[in-house]
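Observations on chain architecture
Read off the chains here:
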Amino acid sequence: MSPLTDPPLFGPGTMNTPWGLGSRLKVVELASDFFDHRNHRACCAAVGRVPRTGATLVPFTLNEFLKYLDVKRAFQRTPNAFRVLQIVQRMVSSGLLICTARGDSAIPALEDRYVYLVTPQDAQRAPFRWVPVLGPEYMYRLCTPALVHITGTTAQCCAVAGTGLVVDPRHVLTCRHVVSDMNVHPKQVFQRREYVVTDGSIHRHPELDVAVIRVDRPSLTPVTGAFWRPPVVAQTVYTLGYPKLPGLRDASVTMQPGTVTNESVTSFNGESMFLYSAISRPGNSGGPVMSDDGYVVGLSIVDATGQYRTNDAFSPHYAGIPAHVVAEGVKDLGLNIELPFEHYQ
């Protein structure tokens, strides 16, 4: 039967309305499993294909994947084939799927054959390896649970706060100036649980703007799969954190897009930094700066707002401590914390 006249794929009972993140994520997860050569025999059985004997495998087509979705009954209604095709094409453009052969079909790409390309490092980066396909909304969902609000007061008893990133069940990574420029409250609420934080549990790097807060039980839930790598000029980045938001009852995580404007600058006091245009408000300090392909490229530290002259317009830049400097600082603290870091070759 022609795909154009096949009611289960294109009729009124299909998912023709815009898809939310949950549906798109489900398709990506199922496609990753289906086109993975390690699952080939099981998927052949699911779609009624007799697997080829010998070492050579014949990759699956998109039409076979649509049949697999129907067999799995992963959705209440049959997914619209065109929307599935769009997601598969995003997976191809991001390098997750490789098109191994072009097929003939009334609809282009339905008979193309695909293989899911996963390296050992890709496997470690799950689920962040899907960020290029699912976008910043998905990255926000991944990062937000691991961000914590660090609160305290100034010497004048004014309330201030910063952001921290949970990197393992016992440690919160932040910037040194966040925990040095305030009197940190002895009781902190991280991930809806209360922890006692003393000055002895705060480990500050003597030179770099890096600090780690150690907590006792219950265990924290860290961000998993977020690899670190240095920023690159002109790449799209996002700041995440808890900026000060007057008039709101509760602290909230915000996400702001921008680009890296300079990947390596040095401050007057010798600090290695990078610059970006994503807005970083007071309170964002210590929060991660994420690239649009799902890597942590640094931590927010300061902004460079100001004026050249009273009547001159000034375009602000914001500064962060780059990923390789953060990794170096964490290693120096000797707390047995290892940030997963990707080096360029």
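Source: prediction; values computed, not measured.

The next subject is the overall build of the protein chain. Each helix and strand counted, the protein chain has 10 helices and 17 strands in total. Within the protein chain, buried positions represent 47% of all 345 residues. Roughly 17,500 Å² of accessible area belongs to the protein chain as shown, and the carbon and sulfur atoms make up 52% of that amount.

This next bit is on the sheet that holds strand E11 (residues 211-214). Taken in spatial order, the 6 strands line up as E7-E4-E5-E6-E11-E10 in an open sheet, and their pairing is antiparallel. The open sheet terminates on both sides in strands that have one partner only, identified here as strand E7 (183-184) and strand E10 (202-204). Where strand E6 (residues 171-174) lies against E11, 4 bridges are found, and the strand directions are antiparallel. Residue pairing across strands places His171 opposite Arg214, the latter belonging to E11.

This part is about the pairing of strand E5 (residues 159-168). Burial within E5 is extensive, with 7 of its 10 residues counted as buried. With 7 bridges connecting them, strand E4 (residues 147-153) and E5 associate as antiparallel partners. The partner of Leu147 across the bridge, within E5, is Leu165. Between the end of E4 and the start of E5, which pair antiparallel, lie 5 residues, with Cys157 showing a positive phi angle near 70 degrees. Relative to E6, E5 runs antiparallel, the two sharing 3 bridges. In the strand pairing of E6, Asp168 is matched with His171. Between E5 and the antiparallel strand that follows it, E6, lie 2 residues.

Turning our attention to the state of the cysteines. Counted by the stated rule, this structure contains 0 disulfides. Looking at Cys44, it has no disulfide partner, and the nearest cysteine sulfur is the one in Cys43, 7.6 Å off. As a non-bridged cysteine, Cys158 has Cys157 as the owner of its nearest cysteine sulfur, 7.6 Å distant. The exposure class of Cys158 is partly exposed, given its relative accessible area of 42%.

For the rest of this paragraph, the subject is the pattern of salt bridges. Applying the stated criterion to the full structure yields 7 salt bridges. The partner of Arg102 in a salt bridge is Asp112, and the shortest N-O contact between them spans 2.8 Å. Taken as a pair, Arg102 in the loop between strand E2 (97-101) and strand E3 (113-116) and Asp112 in the loop between E2 and E3 lie far apart in primary sequence, 10 residues in all. On the accessibility criterion, Arg102 (68% relative accessible area) is exposed. With a closest N to O distance of 2.2 Å, Asp293 and Arg229 form a salt bridge. Here Asp293 is found in the loop between strand E15 (288-291) and strand E16 (296-303), whereas its partner Arg229 is found in the loop between E11 and strand E12 (236-241), with 64 residues between them in sequence.

Cut-offs used in this document
Residues numbered from 1 in each chain as written. Predicted model: local features only at pLDDT ≥ 70, side-chain atom pairs only at ≥ 80, totals over all residues. Heavy atoms only, no water. Helix = DSSP H or I, 4+ residues; strand = E, 2+ residues; numbered from the N terminus. Buried < 20%, exposed > 50% of the residue type's maximum accessible area, 1.4 Å probe, protein only. Areas by Shrake-Rupley, 256 points an atom, 1.4 Å probe, with all protein chains shown as cover. Pairing = 2+ DSSP bridges. Disulfide = S-S within 2.5 Å. Salt bridge = Lys/Arg side-chain N within 4 Å of Asp/Glu carboxyl O.

Remember that the coordinates give geometry; whether it matters functionally is a separate question.
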